[in-house]
Amino acid sequence: MALAVPRYRVIGVIGCVLLGAMLTWGMIQRLGGGNDADDEPKVQQRGRPTSPAATLQVIAPDSVQIEDPKMTGSGAPFELRGRIENRSDVLLKSITLLVTRNDCFEGALDPTGCAVLWQDRHWISISIPPGESRDFSSSVWMRGAAPRPRGTLKDAFKVVAASGELPPPTSLSN
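Below or above, wherever it landed, is the structure these notes cover. (Residues numbered from 1 in each chain as written. Predicted model: local features only at pLDDT ≥ 70, side-chain atom pairs only at ≥ 80, totals over all residues. Heavy atoms only, no water.)

## Overview of the state of the cysteines
Point 1. According to the stated counting rule, one finds one disulfide in the structure shown.
Point 2. In this model Cys-104 forms its disulfide with Cys-114; the gap between the sulfur atoms is 1.8 Å. Taking the sign of the torsion about the S-S bond as the criterion, the disulfide between Cys-104 and Cys-114, at about 95°, is right-handed. Taken as a pair, Cys-104 in strand β4 (residues 91-104) and Cys-114 in strand β5 (residues 114-128) lie far apart in primary sequence, 10 residues in all.
Point 3. The exposure class of Cys-104 is buried, given its relative accessible area of 11%. (Disulfide = S-S within 2.5 Å. Helix = DSSP H or I, 4+ residues; strand = E, 2+ residues; numbered from the N terminus. Buried < 20%, exposed > 50% of the residue type's maximum accessible area, 1.4 Å probe, protein only.)

In structure tokens, the structure reads:
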């Protein structure tokens, strides 16, 4: 409208030039013109080391012990609590648990007397130094509709993956 009215035409042209200049500057910044150290993410990203000098390390699942795991709640979400012990020689940063909820009732087709209601992998972020243990609490969301159990519920938890950080190398200089 500003370009159609002669009285506002100058303002409209100046506005279009300013808008074009700002869009050009934005595209230059977006396409790589503004790579400063300030562009680093401020929040710890999943699976990334907290320090640029630290390196990710895969930890054998048997080097991580989960003690007294309990899952409570009705499923929106469940609450998983327990204690994790780090038996490795690196800082434990995350574990992945295989969570299996079983329904144990008379007449189940499995020889154990239990049928699997659902099973899922659950990732937990935690920071545990080597040789130490920590309590944890995490929310577990079940995918899909919750099947109704016929008998008693029994949960099983297994560590299937773990990762940690090697400390940055220290150099002794005099």
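## A closer look at the nonpolar core
Point 1. With 22 residues, the main nonpolar core has Val-64, Met-71, Leu-80, Ile-84, Leu-92, Ile-95 and Leu-97 as its most contacted residues.
Point 2. Breaking this core down by element, the ones donating at least two residues are β2 (64-72), β3 (78-86), β4, β5, β6 (133-140) and β7 (152-166).
Point 3. Setting aside its immediate chain neighbours within four residues, Leu-92 contacts Ile-59, Val-64, Ile-84, Asn-86, Ile-126, Ser-127, Ile-128, Ala-162, Ser-163 and Gly-164. (Core = buried A, V, L, I, M, F, W, Y, C linked by side-chain atoms within 4.5 Å. Contact = heavy atoms within 4.5 Å.)

## A short note on the sheet that holds β7
Point 1. Strands sit in the order β1-β7-β4-β5 across an open sheet of four strands; the sheet is antiparallel. Of all strands in the sheet, those bounded by a partner on one side alone are β1 (55-59) and β5. Taken over all neighbouring pairs, the strand axes of this sheet differ in orientation by 25° on average, direction set aside.
Point 2. Here β4 pairs with β5 via 12 bridges, running antiparallel. In the strand pairing of β5, Ser-94 is matched with Ser-125. (Pairing = 2+ DSSP bridges. Axes fitted to C-alpha atoms, helices over the stretch in contact; angles between N-to-C directions.)

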